[in-house]
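# Fold and contact review
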Amino acid sequence: MDKDKEQAIARKGRHIGLVIAVTMLVWLAMTLFIGPAVGLPGRYALLFDFAALAAFIYAGVNIFQLWRMRQDS
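What comes next is a walk through the structure. Keep in mind that this is a model prediction, so the values were computed, not measured.

Summing up its helical and strand segments, the protein chain has 2 helices and 0 strands in all. By the compact-globule yardstick of 11 Å for 73 residues, the protein chain is too spread out, its C-alpha radius of gyration being 16 Å. Taking all 73 residues of the protein chain together, 18% fall into the buried category. Put simply, of all contacts in the protein chain between residues at least 6 apart along the chain, 75% involve residues at least 24 apart. Accessible surface computed for the protein chain: about 5,500 Å², of which carbon and sulfur atoms make up 69%. Of the charged side chains in the protein chain, 8 are positive and 5 negative; the average position of the first set lies 5 Å away from that of the second.

So this is what it looks like as structure tokens:
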């Protein structure tokens, strides 16, 4: 495997990890702490849930792409 391919795989892996970690932190913070502290109605929790779900689906698609990149090498 050439150096550029290894760097691309590592970069994509870091990106996926960052997306998952930031999504989890923001989702928990908004749902459990910030939303109730500001006084947002409970229906906004569903909006945060859908946004987190979209980010996790994005991460899942990228994980599949990363797996395909590793299979090609």
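There is more to say after this.
Assignment of secondary structure puts T23 in helix α1 (residues 3-38). A distance of 2.6 Å separates the side chain of T23 from the backbone oxygen of V19, its partner in a polar contact. Excluding anything up to four places from it in sequence, T23 contacts A52, A55 and F56.

Looking now at the packing of aromatic side chains. Under the criterion given, the structure shown has 1 aromatic pair. Seen in terms of ring centroids, F64 and W67 are 5.8 Å apart; in terms of plane orientation they differ by 35°. Their pairing is tilted. Remark: W67 and F64 occur in helix α2 (residues 43-72); sequence separation between them is 3 residues, near one turn of the helix. Of the residues examined, F64 reaches a relative accessible area of 47% and is grouped as partly exposed.

Together, I20, M24, L28, L32, F33, I34, V38, L40, Y44, L47, F56 and I63 make up an exposed nonpolar region whose accessible area comes to about 1,100 Å². As for its placement among the helices and strands, I63 is situated in helix α2. Residue classification places I63 among the partly exposed positions, given a relative accessible area of 42%.

Let us look at the environment of I63. Placed 51 residues apart in sequence, I63 and K12 show a C-alpha to C-alpha distance of 8.6 Å. In this view, I63 contacts I16 and I20; residues no more than four positions away in its chain are not counted.

So, how was this worked out
Residues numbered from 1 in each chain as written. Predicted model: local features only at pLDDT ≥ 70, side-chain atom pairs only at ≥ 80, totals over all residues. Heavy atoms only, no water. Helix = DSSP H or I, 4+ residues; strand = E, 2+ residues; numbered from the N terminus. Rg over C-alpha atoms; globule rule 2.2 N^0.38 Å. Buried < 20%, exposed > 50% of the residue type's maximum accessible area, 1.4 Å probe, protein only. Contact = heavy atoms within 4.5 Å. Areas by Shrake-Rupley, 256 points an atom, 1.4 Å probe, with all protein chains shown as cover. Lys, Arg positive; Asp, Glu negative; His and termini not counted. Charge placed at Lys NZ, Arg CZ, Asp CG, Glu CD. Polar contact = N/O pair within 3.5 Å; in protein donor to acceptor, adjacent residues only side chain to side chain. Phe/Tyr/Trp six-rings, centres within 6.5 Å; stacked < 30°, edge-to-face > 60°. Patch = residues over 30% accessible without salt bridge, like charges linked within 9 Å, V, L, I, M, F, W, Y side chains within 5 Å. Salt bridge = Lys/Arg side-chain N within 4 Å of Asp/Glu carboxyl O.

Honestly, that's just the spatial picture; any functional story needs more than this.
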